[in-house]
Amino acid sequence: MNISGVTKAGLLMFGDALDIRDHFPNYYLDYLEKYTEDKAVRYDNKISSNQGTWSGNIFDFFMTVNRKLSEGLDIPFRLQGKQRIDENRMSEVLREALINTLIHADYTGTAPVKIKKSPQEFVFINPGDMRRPLALAK
């Protein structure tokens, strides 16, 4: 059987936000940075899949947000052979959390994927449930 076309996963990963929303009407990726203590300021930087200034797909969101999450982290100078390693344990953990948040989200739901960064914390929120009871995940 020869079937060709774009899969839903391919659309989410590499499609354009307008096309993605044709199949996933509530699709929304949101990244927020908040640095100011001023309550009147909702956020200092925002990247969302609905901006219209970029593709809005999962791949481009990951590439942009992964860079943003690592900004400001102390990265010691390390070599592995002759290659410089521009990561530390924290940047690896943040990348893994971002990947898990995006991959395990339920894009058929009504809640957005939301990533928040502030001086106090990093928050990763996705619509979806754990496949195992929390007690077994520990």
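Going by the structure above, here's the rest.
Values in this document were obtained by computation on a predicted structure and should not be read as measured data. (Residues numbered from 1 in each chain as written. Predicted model: local features only at pLDDT ≥ 70, side-chain atom pairs only at ≥ 80, totals over all residues. Heavy atoms only, no water.)

### Let's talk about a nonpolar patch on the surface
A cluster of nonpolar side chains, contributed by Phe14, Phe59 and Met63, occupies part of the molecular surface with about 300 Å² of accessible area. Of note, Phe14 is situated in helix H1 (residues 8-14). According to the relative accessible area criterion, Phe14 is exposed, its value standing at 57%. (Patch = residues over 30% accessible without salt bridge, like charges linked within 9 Å, V, L, I, M, F, W, Y side chains within 5 Å. Areas by Shrake-Rupley, 256 points an atom, 1.4 Å probe, with all protein chains shown as cover. Salt bridge = Lys/Arg side-chain N within 4 Å of Asp/Glu carboxyl O. Helix = DSSP H or I, 4+ residues; strand = E, 2+ residues; numbered from the N terminus. Buried < 20%, exposed > 50% of the residue type's maximum accessible area, 1.4 Å probe, protein only.)

### Digging into helix H3 (residues 58-70)
Look at H3: 18 Å from first C-alpha to last across 13 residues, which is about the 18 Å you get at 1.5 Å a residue. Its side-chain oxygen at 3.1 Å from the backbone nitrogen of Phe59, Asn57 defines the N-terminal cap of H3. The first or second residue beyond H3 is Gly72, which carries a positive phi of 90 degrees. (Expected span 1.5 Å × (residues − 1). Polar contact = N/O pair within 3.5 Å; in protein donor to acceptor, adjacent residues only side chain to side chain.)

### A short note on the pattern of salt bridges
In this structure the tally under the stated criterion is three salt bridges. A salt bridge links Asp30 to Lys46, with the nearest nitrogen and oxygen atoms 3.2 Å apart. In this pair, Asp30 sits in strand E1 (residues 29-33) while Lys46 sits in strand E2 (residues 45-48), placing the two residues 16 residues apart along the sequence. A relative accessible area of 2% means that Asp30 is categorised as buried. Looking at Lys46, the relative accessible area reads 25%, which means it is partly exposed. Residues Asp30 and Lys114 are paired through a salt bridge, measuring 3.6 Å at the closest nitrogen-oxygen approach.

### What about the packing of aromatic side chains?
Any aromatic ring pair is given by two values, namely how distant the centres are and how the planes are angled relative to each other. Overall, the coordinates contain three aromatic pairs when judged by the stated rule. Their ring planes at 45 degrees and their centres at 5.7 Å tell us that Phe14 and Phe59 sit as a pair that is tilted. Placement of Phe14 in helix H1 and of Phe59 in helix H3 is noted, with a sequence separation of 45 residues between them. Of the residues examined, Phe59 reaches a relative accessible area of 33% and is grouped as partly exposed. A ring pair is formed by Tyr27 and Tyr107, whose centres lie 5.9 Å apart and whose planes are at 45 degrees; its orientation type is tilted. On the criterion of sequence distance, the pair formed by Tyr27 in the loop between helix H2 (17-23) and E1 and Tyr107 in the loop between helix H4 (89-103) and strand E5 (113-117) is long-range, its members being 80 residues apart. This pair shows no difference in class: Tyr27 is buried, exactly as Tyr107 is. (Phe/Tyr/Trp six-rings, centres within 6.5 Å; stacked < 30°, edge-to-face > 60°.)

### Observations regarding the packing of H3 against H4
With their axes 10 Å apart at the nearest point, H3 and H4 run at an angle of 150 degrees to one another. Accordingly, the angle class assigned to the pair H3 and H4 is roughly antiparallel. Here H3 and H4 pass one another in a crossing that is right-handed. From H3, Ile58, Phe61, Phe62, Val65, Asn66, Leu69 and Ser70 reach across to H4, where they touch Ser91, Leu94, Arg95, Leu98, Ile99 and Leu102. (Axes fitted to C-alpha atoms, helices over the stretch in contact; angles between N-to-C directions. Parallel < 35°, antiparallel > 145°, perpendicular 65-115°, else oblique. Left-handed = near helix turned anticlockwise from the far one by under 90°. Contact = heavy atoms within 4.5 Å.)

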